[in-house]
Amino acid sequence: MTIQNSQFLARLWRFAGAFSVRTKIMGIVLALVLLLGVGITVQVRSVLTLALEQRLQEQSISVARDVAARATDLILVNDLFSLHQLLVETQLNNPDVRYAFVTDSNGTVLAHTFGPGFPQSLLEINTVASSDHHHTILLDSDEGLVWDTAVPIFDGKAGVARIGLSEAGMQATVTTLTGQMLLTTVMVSAVGIAAATLLTWVVTRPIIELKQAAEAVGQGDFQQYVIPWAGDEIGELAEAFNAMTADLAQAEKERAEREHLRSQLLEKVITAQEDERRRIARELHDETGQSLTSLMVRLQMVNQQCPLPDIQEQLDDVRTLVAQTLDGVHNLAVELRPSVLDDLGLAAALHRYVQDYQVRYPVEVDLVVMGLEERLPSAVETAVYRIVQESLTNIARHAQAQTASVLLECRNGRIRTIIEDDGVGFDWDQVKENGRLGLYGIRERAELLNGVLTIESTPGQGTSIFVEVPL
Amino acid sequence: MRYFLLLIAFFLLVGCATPPAAASINLSDLQPLPGVSATAVKPLRVAVAAIISPKGTVDSYGPLLDYLAEELDRPVELVQRRTYGEVNDLVQSGEVDVAFVCTSAYIVGQRDFGMQLLAAPQVMGDTVYHSLLIVPADSPAQSMADLRGSVFAFTDPISTSGRNYPVWLVQQMGETAESFFSRTFYTYSHDDAIRAVANHVADGAAVDSLVYAFALEREPELAQKTRVIHQSPAFGIPPVVVSPQARPQLVADLQAALLQMNETAAGQAALQAAGMDGFVLIEDALYQSVRELETAVNREP
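These numbers come from a predicted model, not from an experiment.

What counts and what doesn't
- Residues numbered from 1 in each chain as written.
- Chains lettered and ligands numbered in written order.
- Predicted model: local features only at pLDDT ≥ 70, side-chain atom pairs only at ≥ 80, totals over all residues.
- Heavy atoms only, no water.
- Contact = heavy atoms within 4.5 Å.
- Buried area = accessible area lost by both parts, 1.4 Å probe.
- Salt bridge = Lys/Arg side-chain N within 4 Å of Asp/Glu carboxyl O.
- Polar contact = N/O pair within 3.5 Å; in protein donor to acceptor, adjacent residues only side chain to side chain.
- Helix = DSSP H or I, 4+ residues; strand = E, 2+ residues; numbered from the N terminus.
- Nonpolar A, V, L, I, M, F, W, Y, C, P; charged D, E, K, R; others polar.
- Pairing = 2+ DSSP bridges.
- Domains from an automatic or database assignment.
- Expected span 1.5 Å × (residues − 1).
- Buried < 20%, exposed > 50% of the residue type's maximum accessible area, 1.4 Å probe, protein only.
- Core = buried A, V, L, I, M, F, W, Y, C linked by side-chain atoms within 4.5 Å.
- Axes fitted to C-alpha atoms, helices over the stretch in contact; angles between N-to-C directions.

1. Side note on the interface of chain B and chain A
Reasoning step 1: Facing the 30 residues of chain B at the interface are 40 residues of chain A.
Reasoning step 2: Taken together, the two surfaces of chain B and chain A that pack against each other cover about 2,900 Å², and 66% of this comes from carbon and sulfur.
Reasoning step 3: Considering only the side of chain B, the residues that lose the most area to chain A are I25, L27 and L33 of chain B, jointly responsible for 24% of the buried surface there.
Reasoning step 4: Between K157 of chain A and D59 of chain B there is a salt bridge, and its shortest N-O distance comes to 3.5 Å.
Reasoning step 5: Connecting chain B to chain A are eight residue pairs in polar contact (both at pLDDT 80 or more).
Reasoning step 6: Taken together, the elements giving at least two residues each to the side of chain B that touches chain A come down to α1 (2–15), β1 (23–25) and α2 (54–72) of chain B.
Reasoning step 7: No other element matches α2 of chain B, which puts four residues into the side of chain B that touches chain A.
Reasoning step 8: Its residues assigned to classes, the side of chain B that touches chain A shows 19 nonpolar, six polar and five charged.
Reasoning step 9: As judged from the three bridges shared by strand β3 (residues 135–141) of chain A and β1 of chain B, these two strands associate in the parallel manner. Counted as the bridge partner of S141 of chain A is I25 of chain B from β1 of chain B.

The following block contains the structure:
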């Protein structure tokens with residue numbers, strides 16, 4: 001039973017849930033009015049029918065008794081015309097009287113209201129004993145139900161008076177009343193719909209406002225305030241919503257602050273990293289490079305002064321090793337922080353980098369730089385350089401690409417960079433799972449400068465990276 | 001489940017509204033009524049003039065008619081009419097065989113078509129009665145003179161005690177009924193005249209002393225509500241009459257049955273119900289005073 005109930009409730013809930021609040025309220029009001037109206041109509045109709053039927057029955061008895069009393073002398077003195085008049089007048093004065101007739105003690109009809117003939121079968125239908133007060137039965141006639149009452153006249157010595165009261169009038173009254181009640185129900189329903197419309201507006205306006213506010217908050221607008229229209233549950237909901245919005249706004253503010261701090265920190269880290277790289281690069285170039293260069297010069301001088309061919313050969317080997325180390329140090333310095341980036345700018349640095357890159361990796365790179373005649377802010381130059389560097393490194397390491405292109409365009413105060421390759425591409429989700437942070441790094445750099453970075457890649461279709469940074 | 005039961009109860013209640021009909025009938029199926037079939041034995045038709053009301057007549061004369069039916073060995077049918085005149089017409093046309101009429105009705109019938117006396121009832125050992133002038137018990141009237149300008153109830157246009165005598169009394173004062181009373185009406189029976197006075201429908205009435213005594217016996221409260229202020233001289237008692245064309249054998253049989261009535265227990269019981277001692281033969285001469293009164297009252301002015 002409980003399970004059935006819960007299933008029933010679940011079904012009911014699903015059914016009710018399919019309608020809007022407006023429809024629900026309308027439905028409740030209409031259903032209530034209609035149920036009440038129809039219920040009361042049916043009940044009143046049945047009670048009224050019962051009461052009127054009882055009254056009709058009593059009326060048939062009283063009319064029959066009255067006719068019997070007044071007919072007594074008329075029958076005894078054989079005044080049949082007056083007897084007929086009595087019946088006609090009785091029918092005239094009681095619209096419900098369908099027929100009236102009087103029989104003598106032998107059952108012969110003395111007077112009746114049927115006019116030209118008489119329905120003979122009516123005679124035997126209802127009989128009454130001389131000692132009875134009356135005898136009433138309900139007849140199902142071709143003209144509807146008829147209450148037939150027989151009353152003995154002068155204890156049956158003068159005959160029997162019979163009166164038939166038709167239910168037609170009563171039925172008409174009941175029908176009229178039923179119609180009026182149903183009409184009232186319809187009218188009340190109309191008023192109910194109007195009231196429900198108003199009620200719906202009153203009830204749903206705060207809900208709709210709440211919904212709109214919730215959508216706005218969902219889109220990040222924490223300035224939404226919903227006016228609590230009433231002190232009811234919806235009003236409480238509005239207040240709870242406002243409190244929640246305020247909490248969210250506070251949380252958002254804190255988050256923004258933290259984000260700001262993080263950005264600052266990141267910026268500092270990056271700056272520090274760049275400074276450190278620059279310092280190490282300079283150190284490598286200036287100190288280590290100079291030392292190695294002078295070492296080579298000395299080795300050259302020693303070689304020239306050495307008479308032994310064996311030693312000379314070994315010295316040459318050493319000198320070659322030192323030259324290789326010098327190259328390595330030089331490359332390392334450039335890799336860390338190309339001085340050309342600081343000295344000649346982004347375009348020159350990228351040209352140099354691409355040149356070196358093509359020497360080191362089997363990838364053909366097409367670099368196009370447009371509208372970059374002037375120097376850019378140092379942070380932007382560094383960020384774009386590092387993004388291109390990281391991207392090309394990724395291509396060399398993972399893309400198995402034949403060619404790559406780098407397009408740099410400075411226009412309308414924005415610098416746009418597009419790096420494309422014809423490699424194997426990658427699945428972004430898989431890359432995220434593998435925890436490859438390189439892509440995050442370039443995104444962080446772009447975002448630190450309020451830039452936007454978009455990566456488009458599908459396996460087998462190559463990769464495109466778009467970066468746009470404001471100046 | 002509970003709601004389902006409630007629903008069923010609701011519709012049962014609605015269903016209870018109309019009880020089942022006991023029988024069905026077609027009210028528009030009208031047929032001509034059969035004529036009254038002639039009975040094999042012709043009943044003895046007895047008319048009783050409306051000295052007392054039709055219902056009172058049935059109660060009083062019923063046993064007497066049953067007795068006659070028994071004695072004559074044929075059914076007896078009671079015939080009543082509203083006025084004395086109608087009964088006289090029935091006697092004259094022979095539609096009734098025998099009639100109990102009022103004295104003045106006899107006078108008129110005897111004069112007009114030779115109505116024959118058959119017998120007369122004896123009440124309190126005598127064959128006379130009086131006209132009593134009655135008023136409501138709380139009325140200050142002491143004589144007919146005090147009833148000037150009042151409402152007066154007559155019993156029948158040709159009644160001796162109920163109309164002719166009070167009109168004669170008024171005429172003795174040099175007035176007519178129309179000028180003396182403010183209004184008059186006919187009750188067409190003596191007991192209804194008594195009831196009219198008792199219930200203040202009329203301020204006064206003149207009634208048959210025999211009917212008055214009989215009515216007081218049956219309805220004692222009438223004695224408290226009415227008072228007799230005048231009694232007329234004795235008149236001949238209302239007789240039993242037959243038509244002049246009545247067959248002598250029937251006249252003889254009827255006379256025998258009536259005269260021997262108090263000799264059997266059934267006859268005595270019937271006489272008691274009618275308030276009579278028995279029946280005696282009677283002479284037309286006994287009605288002379290009534291005849292004179294009738295002539296005096298209805299004389300052309």
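2. Examining the domain arrangement of chain B
Residue and element names in this part refer to chain B.
Reasoning step 1: Here chain B is partitioned into domain 1 (44–123 + 237–290) and domain 2 (131–232).
Reasoning step 2: Look at where the C-alpha atoms of domain 1 and domain 2 centre, and you get two points 25 Å apart.
Reasoning step 3: Domain 1 puts 23 residues into the contact, and the matching count from domain 2 is 16 residues.
Reasoning step 4: Across the interface of domain 1 and domain 2, roughly 1,400 Å² is buried in total on both sides, 62% from carbon and sulfur atoms.
Reasoning step 5: Looking only at domain 1, the three residues that lose the most surface to domain 2 are I51, S53 and Y84, adding up to 30% of its buried area.

3. Brief notes about helix α10 (residues 378–399) of chain A
Residues and elements named next belong to chain A.
Reasoning step 1: A rise of 1.5 Å per residue sets the reference length of α10, with its 22 residues, at 32 Å; its end C-alpha atoms lie 30 Å apart and thus fit the reference within 8%.
Reasoning step 2: Along α10, 16 of the 22 residues are buried, which leaves the element largely enclosed by surrounding structure.
Reasoning step 3: Positive backbone phi, at 50 degrees, marks Q400, one or two positions downstream of α10.

4. Focus: the nonpolar core
Reasoning step 1: Formed by 88 residues in total, the largest nonpolar core has its most connected members in L64, M144, L147, F181 and F279 of chain B.
Reasoning step 2: With six residues, the top contributor of residues to this core is α2 of chain B.
Reasoning step 3: Shared between two domains, this core takes at least three residues from each, and those domains are domain 1 (44–123 + 237–290) and domain 2 (131–232) of chain B.
Reasoning step 4: Residues L346, A383, A399 and I455 of chain A belong to the second largest nonpolar core, which totals 40 residues.

5. Concerning the pattern of salt bridges
All names here are of chain A.
Reasoning step 1: Overall, the coordinates contain 29 salt bridges over all chains when judged by the stated rule.
Reasoning step 2: Between E259 and R262 there is a salt bridge, with its nearest N and O atoms 3.0 Å apart. In this pair, E259 and R262 are both assigned in helix α6 (residues 233–305), three residues apart and thus about one turn of the helix distant.
Reasoning step 3: The partly exposed category is assigned to E259, whose relative accessible area is 33%.
Reasoning step 4: Take R262: its relative accessible area is 36%, and that puts it in the partly exposed class.
Reasoning step 5: In this structure, E276 engages R279 in a salt bridge whose closest nitrogen and oxygen atoms are separated by 3.1 Å. With a gap of three residues between them, E276 and R279 both fall in helix α6, about one helical turn apart.
Reasoning step 6: Residue classification places E276 among the partly exposed positions, given a relative accessible area of 37%.

6. Concerning the sheet that holds strand β8 (residues 151–154) of chain B
Residue and element names in this part refer to chain B.
Reasoning step 1: Taken together, the five strands give an open sheet; going across it, the order is β9-β8-β10-β7-β11, and neighbouring strands pair in mixed fashion. The open sheet terminates on both sides in strands that have one partner only, identified here as β9 (183–186) and β11 (226–231). For this sheet, the mean inter-axis angle between neighbouring strands, taken without regard to orientation, is 30 degrees.
Reasoning step 2: Bridge count between β8 and β9: four bridges; the pairing is parallel. Opposite A153, over in β9, you have F185 as the bridge partner.
Reasoning step 3: Strands β7 (131–136), β10 (204–208) and β11 of the sheet are contacted by helix α8 (residues 209–218), whose axis makes an angle of about 95 degrees with β10.

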